[in-house]
Structures are given as C-alpha cells and as structure tokens.
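What follows is the residue order along each chain.
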Amino acid sequence: GAPVDKSLLVLTTIVSLEAIYLSILIQMSVNRTTQSLEEVEEDLGEIQQDIDNIQHEVEDIGEEIDEIQEDIEEIGENIEDIEEATQTK
C-alpha cells in the first residue's frame, strides 16, 4: 500500500547507511593495522641497532682474542728462552 517512490527512497537510504557503516568499520581496521605496522617498524629499528651493537662487540672481542694469542706466543717464546738458558748452565 505504500507508494513506490517512498519505498525506493527508504530502501536507498538504508543501503547508503549500510555502506557508510561498512566504510567506517573498514577504516577502523585499516587504522589499527597501520598502528600495528608502525610499532613493528619501531621494533625492527631497535633490533637492527642491537644487531649493530652486537656486531661491534664481536669485532672487539675478536681483536682482544688476537692480542691474547700474541701474548700467549710471546710467553711461549719466553718459556723456551728460559728453558734454553737453564739447560746451558
């Protein structure tokens, strides 16, 4: 019993409101995802800094090991010199 024009107007309005509601929900999801990605990017930046620091520390440890190796070789040579000196006496 309702006129067709009014029925179509109500139907069009309902469909438009549904589209607006869905677009708002989608935008909220996109915003949450964007925020999560930004947090992940920050975490990745911190992890990269930590990796760089660890790499520098490993390089420093390598240099210290080389120095210790040289000291051990010198001590070995000194021991040999002492053994030779004590054997010739």
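Residues numbered from 1 in each chain as written. Predicted model: local features only at pLDDT ≥ 70, side-chain atom pairs only at ≥ 80, totals over all residues. Heavy atoms only, no water.

Explain the overall build of the protein chain to me, and be specific about the residues and the numbers.
For the protein chain, the helix and strand inventory stands at 1 helix and 0 strands. Counting across all 89 residues of the protein chain, residues that qualify as buried make up 0%. (Helix = DSSP H or I, 4+ residues; strand = E, 2+ residues; numbered from the N terminus. Buried < 20%, exposed > 50% of the residue type's maximum accessible area, 1.4 Å probe, protein only.)

Which residues make up a nonpolar patch on the surface, and what are the values?
A grouping of Leu17, Ile20, Tyr21, Leu22, Ile24, Leu25, Ile26, Met28 and Val30 is seen on the molecular surface, where their side chains present a nonpolar patch of about 850 Å² in accessible area. Residue classification places Ile20 among the partly exposed positions, given a relative accessible area of 46%. (Patch = residues over 30% accessible without salt bridge, like charges linked within 9 Å, V, L, I, M, F, W, Y side chains within 5 Å. Areas by Shrake-Rupley, 256 points an atom, 1.4 Å probe, with all protein chains shown as cover. Salt bridge = Lys/Arg side-chain N within 4 Å of Asp/Glu carboxyl O.)

Which residues make up the environment of Leu25, and what values do they have?
Secondary-structure assignment places Leu25 in helix α1 (residues 4–88). Measuring from C-alpha to C-alpha, the distance between Leu25 and Glu63 comes to 57 Å, with 38 residues separating the pair along the chain.

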